[in-house]
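Fold and geometry: a report
Residue-level listing of the chains:
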Amino acid sequence: MNLSPHHPRFLSLKTRDDLVKAVASGLVAPQGLIAQGRGEAFDYLIGERTMPTASIATLAAVALLLEAKSPVISVNGNAAALAGKEIVNLASTVSASIEVNLFHRTLDREKLIARHLKNFGAKEILGVGSAASKTIGGISSPRAKVDPNGIGKADVVLIPLEDGDRAQALENQGKRVIAIDLNPMSRTSQVASVTIVDNLVRAIPALIESSRKMKKLPQSQLEKYISSFNNERNLANAIEQIVQYLQGWIKN
Ligand code: PTJ
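These numbers were taken from a predicted model, which means no experiment stands behind them. (Residues numbered from 1 in each chain as written. Predicted model: local features only at pLDDT ≥ 70, side-chain atom pairs only at ≥ 80, totals over all residues. Heavy atoms only, no water.)

Here we look at the environment of tyrosine 225
Looking at the element boundaries, tyrosine 225 is found in helix 9 (residues 219-227). Judged by relative accessible area, which is 29%, tyrosine 225 ranks as partly exposed. Sequence separation between tyrosine 225 and leucine 117 is 108 residues, and the spatial gap between their C-alpha atoms is 30 Å. What tyrosine 225 contacts, discounting residues up to four positions off in sequence, is Leu59, Ala60, Ala63, Met214 and Leu217. (Helix = DSSP H or I, 4+ residues; strand = E, 2+ residues; numbered from the N terminus. Buried < 20%, exposed > 50% of the residue type's maximum accessible area, 1.4 Å probe, protein only. Contact = heavy atoms within 4.5 Å.)

Some details on the nonpolar core
Val75, Ile98, Ile178, Ile196, Ile204 and Leu207 are the most contacted members of the largest nonpolar core, which has 48 residues in total. If we ignore the near neighbours within four places in the chain, the residues touching isoleucine 196 are Ala54, Ala57, Thr58, Ala61, Ile178, Ala179, Ile180, Asp181, Ala203 and Leu207. Within the second largest apolar cluster, 15 residues are counted, among which are Ala144, Ile151, Ala154 and Val157. (Core = buried A, V, L, I, M, F, W, Y, C linked by side-chain atoms within 4.5 Å.)

Comments concerning the side chain of aspartate 165
Considering the arrangement of structural elements, one finds aspartate 165 in helix 6 (residues 165-172). Despite its burial, aspartate 165 pairs with no opposite charge, the nearest such side chain being arginine 187 at 5.5 Å. A polar contact of 3.1 Å, which involves the side chain of aspartate 165, links it to the backbone nitrogen of serine 140. Not counting the four nearest positions on each side in its chain, aspartate 165 is found in contact with Gly138, Ile139, Ser140 and Arg187. (Lys, Arg positive; Asp, Glu negative; His and termini not counted. Salt bridge = Lys/Arg side-chain N within 4 Å of Asp/Glu carboxyl O. Polar contact = N/O pair within 3.5 Å; in protein donor to acceptor, adjacent residues only side chain to side chain.)

Considering the sheet that holds strand 1 (residues 71-75)
Taken in spatial order, the six strands line up as 3-2-1-6-7-8 in an open sheet, and their pairing is parallel. Each edge of the sheet is formed by a strand with only one pairing partner; in this case those strands are strand 3 (125-126) and strand 8 (194-196). Bridging between strand 6 (residues 156-160) and strand 7 (residues 176-180) involves five bridges; their strand directions are parallel. What sits directly across from proline 160, in strand 7, is isoleucine 180. Seen against the sheet, helix 3 (residues 52-67) touches strand 1, strand 6, strand 7 and strand 8 and runs at an angle of roughly 130° to strand 8. (Pairing = 2+ DSSP bridges. Axes fitted to C-alpha atoms, helices over the stretch in contact; angles between N-to-C directions.)

Considering the environment of isoleucine 46
Among the structural elements, isoleucine 46 can be located in the loop between helix 2 (31-45) and helix 3. When its relative accessible area of 0% is taken as the criterion, isoleucine 46 is described as buried. Each C-alpha atom, one on isoleucine 46 and one on aspartate 198, is 8.3 Å from the other, the two residues being 152 residues apart in sequence. When sequence neighbours within four positions are dropped, the list of residues in contact with isoleucine 46 reads Met51, Leu182, Val197, Asp198, Arg202, Ile242 and Tyr245.

Structural notes on the side chain of arginine 166
Position of arginine 166 among the secondary structure elements: in helix 6. Dropping the residues within four chain positions of it, arginine 166 is found in contact with Ser74, Asn101, Ile139, Arg143, Ile151 and Ile159.

Description of the site of the ligand
Gly77, Phe103, His104, Arg109 and Leu200 are the nearest of the 23 residues found near the ligand. Here histidine 104 contributes a backbone N or O atom positioned 2.8 Å from an oxygen atom of the ligand. Between the ligand and aspartate 181 there is a distance of 2.9 Å, counted from an oxygen atom to a side-chain nitrogen or oxygen. Protein chains shield 94% of the accessible area of the ligand, which is 740 Å² for the free molecule. Broken down by secondary-structure element, the contributors of at least two residues to the shell around the ligand are helix 2 and helix 4 (77-94). If you tally residues by element for the shell around the ligand, the top one is helix 2, at six residues. Looking at the shell around the ligand, its residues break down into seven nonpolar, ten polar and six charged. (Near = heavy atom within 4 Å. Areas by Shrake-Rupley, 256 points an atom, 1.4 Å probe, with all protein chains shown as cover. Nonpolar A, V, L, I, M, F, W, Y, C, P; charged D, E, K, R; others polar.)

As structure tokens, then:
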């Protein structure tokens, strides 16, 4: 892309360009571009900033990850392309496993994503090929297949940029789901235990920063963050914060 970094939309245009290249290399599904477009629209509506409600959800999410026995970060094509390096960093900070789990599933893309994450220092990537041998009931897509050593036995699953029915199925299995989704009204946002309504590219670095600080906290303090968090209320507050932001655009 031949665009000056001084262009007012440089970051957004660069991200688009990176995703187009990631589609060409096979990392991202073509449908991932449409998902990104929907995300961009919601990002406009929240003012392309981290809302206070997202910061509150981030603290609850970190507490869940640090308290978990077997936390797993689930990665799809978009997540790998947008924040692969940061996801590897977060996994090592909170001692989580990383599993590739795709909606548009092909072995080639699973391998490509695993290699991409390993290039950033990930030691092991779960869920590739026959390793995803367990089936989670209630999911009508190839995402039902999970690794028994990863999502299969996880108690907490972080799902950045999800496509829908899986969050509910994982919650039904007694797992706590942390979602990162710019759309507060999506099914994933609504059914997760903790939803961070923010762009993945801001949310993951914020999770890393809070994890580093909160690692030192006693268990009782972490539990307070979890028990005082109510996802339904926080989502309602997020929508209120969006409305307030939009009202600022109404000139008299
Ligand atoms: O790599 P695969 O095969 O697993 O496919 C991945 C996609 C993203 C194509 C698949 O999961 C999909 O189709 O997702 P959806 O149904 O389009 O849902 C994506 C959700 O993520 C939507 O609610 C978007 O608003 C939201 N979203 C898009 N970009 C971002 C985002 N949320 C946070 N950060 C983003 N950058």
